[in-house]
Amino acid sequence: MRLLLIRHGETALNAARVLQPADTPLSARGHTQAAALARRLAAAPITQLWSSDLPRAWQTAEAIAQATGVPIRPSARLQERNFGDLRGRPYETLGFDPLGMQQAPAAGESMGEFESRIDAALAEALAAAEGGTGCLAIVSHGLVIHSLLSRRIARATGLALPERIANTSVTVVEPGP
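Attention in this report is confined to the structure presented alongside it. Predicted model, so just to flag it, every value in this text is computed and none were measured.

Describing the side chain of Ser 169
Turning to step 1, where the next piece is worked out: Inspection of the secondary structure assignment puts Ser 169 in the loop between α5 (142-151) and β5 (170-173).
Turning to step 2, where the next piece is worked out: A polar contact of 2.9 Å, which involves the side chain of Ser 169, links it to the backbone oxygen of Ala 166.
Turning to step 3, where the next piece is worked out: The contacts of Ser 169, once residues within four sequence positions are left out, are Leu 5, Ile 6 and Arg 7.

Re the sheet that holds strand β2 (residues 46-52)
Turning to step 1, where the next piece is worked out: Sheet architecture is open: 5 strands sit in the order β3-β2-β4-β1-β5, paired in mixed fashion. Two strands bound the open sheet, and with one partner strand each, they are β3 (72-75) and β5. Put simply, the sheet's adjacent strands are angled 20° from each other on average, direction ignored.
Turning to step 2, where the next piece is worked out: The sheet strands contacting helix α2 (residues 28-41) are β1 (2-7), β2 and β5, and the helix crosses β1 at an angle near 165°.
Turning to step 3, where the next piece is worked out: Sitting on the sheet, α5 touches β1, β4 (135-140) and β5, and the angle it makes with β1 is about 140°.

Re the layout of surface pockets
Turning to step 1, where the next piece is worked out: In this model, the largest pocket occupies a volume close to 690 Å³.
Turning to step 2, where the next piece is worked out: Around the largest pocket, the lining is made up of 32 residues, and of these Glu 80, Tyr 91, Leu 99, Gly 142 and Leu 143 lie nearest the centre.
Turning to step 3, where the next piece is worked out: Secondary structure elements with two or more residues in the lining of the largest pocket: α1 (12-15), α4 (111-129) and α5.
Turning to step 4, where the next piece is worked out: Ranked by residues supplied to the lining of the largest pocket, first place goes to α5 with 6 residues.

Calculation rules
Throughout, residues of each chain are indexed from 1 in the direction in which the sequence is written. A pLDDT threshold of at least 70 governs which residues receive local features in this predicted model, and a stricter bar of 80 or more applies before side-chain atom pairs are shown or counted, although totals over entire chains, interfaces and linings include all residues. Side-chain calculation: all heavy atoms of the structure are included, whereas hydrogens and water are not. Runs of E in the DSSP output that reach at least two residues are strands. Runs of H or I that reach at least four are helices, and both are numbered from the N terminus. Polar contacts, as counted here, are pairs of nitrogen or oxygen atoms within 3.5 Å of one another; within protein the pair requires one atom able to donate a hydrogen and one able to accept it, and residues that are adjacent in sequence qualify only if both atoms are side-chain atoms. Any pair of residues with heavy atoms lying within 4.5 Å of one another is described as a contacting pair. Two strands form a pair only when DSSP identifies at least two bridges running between them. As a rule, the C-alpha atoms of each element are fitted with a line to give its axis, helices using only the stretch in contact, and angles between N-to-C directions run from 0 to 180 degrees. Cavities and pockets are found on a 1 Å grid laid over the protein atoms alone: a cavity is a set of points where a 1.4 Å probe fits but cannot escape, a pocket is an open set with protein on both sides within 12 Å along at least five of seven lines, and a lining residue has an atom within 4 Å of such a point. Grid points are joined across faces, edges and corners, and a volume is the space filled by probe spheres set on the points.

Here it is in structure tokens:
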């Protein structure tokens, strides 16, 4: 079974380069992106649709569910990294790159905790997809997808990791050795 790793649509805060609180919804542009993505995936052989339970991912998944008729399975394991007390702050005011920090910010999770959580989500998804046909679509967040692509999913020789995981991008992961 093929995996589709999908980043949620745009939010006002990710467009403004602010670390997003958990309850951040899609912007009007994000809803438009999600609708376009849903039209693109309407005929895809999606048999399972999993989503982070955060609003921005869930709203993106809802558009896909409406277009495909596939129900959404929520997963807290697919949430974006918890930046705790840094949420709501613009990147430019921090004086450091929060995306690369290894330690846990106050009330947040460390890189190791984040990676363990999403590794467990990937293991669960691979087990659910084993022996199946069609596609398992996973709607999540940029850091989740980037982490999986850089650490857990083999890329074809010469295929570089993208600099940025764009809103409503679809990364196709084919089964193989």
